[in-house]
Amino acid sequence: MRKIIIADDEHKILMSLEYSFKKNGYDVYIARDGTEVLDFLKTMVPDVILLDIMMPNLDGYSTLDIIRQDEKLKDVKVIFLSAKNNPRDIEKGLEMGADAYVTKPYSIKKLIQQIEEIFGE
């Protein structure tokens, strides 16, 4: 079972993504900001992290930067899921090392397909 951390500060988004990914066989962990993601990463290595950019305390860009500096997390797939849809924001996210950048609004079905494609499934 693939482990996924979903990080977003919007409750409705978290709940709908959690439900959909559990229904598709994922082991789901919920974080409301980057610091909660980093807390999870102290004790586990997920397969995927869905990361919002605009979050309180520690934003998605800073969180990704910390993740990419940790050797044990080098194989973790990180996907930005953000309302920031400016081409410069998307380019910045991908240059920082995100495996994909999905803009809100999004299709959960397409998001799950995209993650499965990243893993070659």
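The shown structure was predicted, so the numbers you read here are calculated from the model rather than taken from an experiment.

J.: Go over helix 2 (residues 34-41) with me, naming the residues and quoting the values.
T.: Of all the residues in helix 2, the buried ones are G34, V37, L38 and L41. Seen from one end, helix 2 has its buried residues packed into an arc of 95 degrees, which puts them on one side. Residues of helix 2 that are buried make contact with strand 1 (3-7), strand 2 (27-31), strand 3 (48-51) and helix 3 (60-68).

J.: Describe the UniProt feature "modified residue: 4-aspartylphosphate" (unreviewed entry) in the protein chain, and please don't skip the residues or the numbers.
T.: Using the residue numbers shown here, the UniProt feature "modified residue: 4-aspartylphosphate" (unreviewed entry) corresponds to D52. Here D52 shows up in the loop between strand 3 and helix 3. Contacts of D52, omitting those with residues within four sequence positions, involve A7, D8, D9, G60, L81, S82 and K104.

J.: I'd like a description of the pairing of strand 5 (residues 100-103), backed by residues and values.
T.: Relative to strand 5, strand 4 (residues 77-82) is paired through 4 bridges, and the arrangement is parallel. Of the residues in strand 5, the one forming a bridge with L81 is V102. The parallel pair strand 4 and strand 5 is bridged by helix 4 (residues 87-95), and the resulting crossover is right-handed.

J.: Break down the UniProt feature "domain: Response regulatory" (unreviewed entry) in the protein chain for me, citing the residues and quoting the values.
T.: Here the UniProt feature "domain: Response regulatory" (unreviewed entry) sits at residues 3-119. Counting secondary structure, residues 3-119 comes out at 43% helix and 21% strand; the distance between its end C-alpha atoms is 13 Å.

J.: Can you explain the packing of helix 1 (residues 11-23) against helix 5 (residues 108-118)? Please cite residues and give values.
T.: A pair of packed helices can be characterised by two numbers: the angle between their axes and the separation between those axes. Between helix 1 and helix 5, the shortest axis-to-axis distance is 11 Å and the interhelical angle comes to 55 degrees. In terms of their interaxial angle, helix 1 and helix 5 are classed as oblique. Along this stretch, helix 1 crosses helix 5, giving a crossing that reads as right-handed. Across from S16, L17, S20 and F21 in helix 1, the residues of helix 5 making contact are I108, L111, I112 and I115. Of the residues that constitute the contact of helix 1 with helix 5, the class distribution is 6 nonpolar, 2 polar and no charged.

Parameters and conventions
- Residues numbered from 1 in each chain as written.
- Predicted model: local features only at pLDDT ≥ 70, side-chain atom pairs only at ≥ 80, totals over all residues.
- Heavy atoms only, no water.
- Buried < 20%, exposed > 50% of the residue type's maximum accessible area, 1.4 Å probe, protein only.
- Helix = DSSP H or I, 4+ residues; strand = E, 2+ residues; numbered from the N terminus.
- Arc of directions from axis to C-beta.
- Contact = heavy atoms within 4.5 Å.
- UniProt positions renumbered as here; feature names shortened; annotations may be inferred.
- Pairing = 2+ DSSP bridges.
- Right-handed = clockwise from strand over helix to strand, strands pointing away.
- Axes fitted to C-alpha atoms, helices over the stretch in contact; angles between N-to-C directions.
- Parallel < 35°, antiparallel > 145°, perpendicular 65-115°, else oblique.
- Left-handed = near helix turned anticlockwise from the far one by under 90°.
- Nonpolar A, V, L, I, M, F, W, Y, C, P; charged D, E, K, R; others polar.

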